[in-house]
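A closer look at the structure
The lines below spell out each chain.
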Amino acid sequence: MIHCDNLVKIYKVADLEVVALQGLDLHVQPGELMAIIGNSGSGKSTLLNMLGGLDRPSAGQLQVDGKDLLKFTEKDLVKYKRETVGFVWQNNARNLIPYLTALENVELPILLQGKRKRERALELLEAVGLSHRTKNRLNQLSGGEQQRVAIAIALANNPKLLLADEPTGSVDTKMANQILDLFRDLNRRLGLTVVIVTHDPLLAKKVDRVVAIRDGKTSSEMIRRKSYADELIELEQGLLPSDEDSHVEYAVLDKAGRLQVPEDMLKSVGIQSTNKVRVQLEEGRIVLLPPEEKGEP
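Summarised in this report is the structure supplied together with it. (Residues numbered from 1 in each chain as written. Predicted model: local features only at pLDDT ≥ 70, side-chain atom pairs only at ≥ 80, totals over all residues. Heavy atoms only, no water.)

Thoughts on the environment of Met50
Counting through the fold element by element, Met50 comes out in helix H1 (residues 44-51). When residues no more than four places from it in sequence are discounted, the contact partners of Met50 are Leu7, Lys9, Leu21, Asp55, Arg56, Pro57, Leu62 and Leu69. (Helix = DSSP H or I, 4+ residues; strand = E, 2+ residues; numbered from the N terminus. Contact = heavy atoms within 4.5 Å.)

Let's talk about the side chain of Arg209
Tracing the sequence through the fold places Arg209 in strand S9 (residues 209-214). A polar contact of 2.6 Å, which involves the side chain of Arg209, links it to the backbone oxygen of His27. Of note is the side chain of Arg209, whose polar atom sits 3.2 Å from the side chain of Glu221. Residues in contact with Arg209, not counting those within four places in the same chain, are Leu26, His27, Val28, Glu32, Leu33, Met34, Ala35, Glu221, Met222 and Ile223. (Polar contact = N/O pair within 3.5 Å; in protein donor to acceptor, adjacent residues only side chain to side chain.)

What about the packing of helix H5 (residues 143-154) against helix H6 (residues 173-190)?
With their axes 10 Å apart at the nearest point, H5 and H6 run at an angle of 20° to one another. Comparing their axes, H6 and H5 come out roughly parallel. Two packed elements cross with a definite hand, and for H5 against H6 that hand is right-handed. Residue-level contacts link Gly144, Gln147, Arg148 and Ile151 of H5 to Met175, Gln178, Ile179, Leu182, Phe183 and Leu186 of H6. Taken together, the residues of the contact of H5 with H6 sort by class into six nonpolar, three polar and one charged. (Axes fitted to C-alpha atoms, helices over the stretch in contact; angles between N-to-C directions. Parallel < 35°, antiparallel > 145°, perpendicular 65-115°, else oblique. Left-handed = near helix turned anticlockwise from the far one by under 90°. Nonpolar A, V, L, I, M, F, W, Y, C, P; charged D, E, K, R; others polar.)

Let's talk about the sheet that holds strand S1 (residues 2-13)
One open sheet holds the four strands; their spatial order is S2-S1-S4-S5, and the pairing between them is antiparallel. The open sheet terminates on both sides in strands that have one partner only, identified here as strand S2 (16-28) and strand S5 (67-68). By the bridge criterion, five bridges tie S1 to strand S4 (residues 59-64) in an arrangement that is antiparallel. The partner of Cys4 across the bridge, within S4, is Leu62. Lying over the sheet, H1 contacts S1, S2 and S4, oriented at roughly 110° with respect to S1. (Pairing = 2+ DSSP bridges.)

See the structure below:
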């Protein structure tokens, strides 16, 4: 569904150039539910904006659903945003019109498709668990309910790819879990490919793959040892989850053989405040060691 190869994004601010993405590689399969995490400024929101057709790459390759976004005209971008991708923002003000009801908010984007808007809007609100709140205006809905309306709006064009930028950032933990469960349900029932950008590491417990971005590149991936669906089945059967970590973490190796080792791992073996490490082969393994101290044989 998504192929990013050596993706670069450079912003020009006055006389300065800011490199937001520095040769990022990412591949997402159709029907996958995955998360992208990273610190502020890592490039994760820049990536999401390009996947959503809201921004253009500076260099590299970016394909979504077989479409080459680098070759898109403005007309192609409009068609792409209407037919291929849905977007959920953290800030509800970007998703919703406050003086309309929940139903009217969802009906609005359906007008562009010329379909029976009332019937389709009711279906979408039922899909996100809000069929009982159709006539309520936004000030009568909780933050979590507003976010559910925003998800219904993002689904109005029957997208193949659903993008969510910090969708749980403005709700409490209980509601965040409910929203993430909704994404899982939509992913499973509709076959949607879902990409969620977040700063919340607890999100890893809900998705099968988490990609970490650091300094504009993919630095590591965390993949579930056992699918979330299988774990839920075991819980229903009365089996307690094991004490082992739910995910295994992999460093990402680029085509030039470079990798980013997680910072906490480097610090734990005393490798910090340096850009050099010793690399050795030991019994078929590549071992990273701190630099030798001066005078050390």
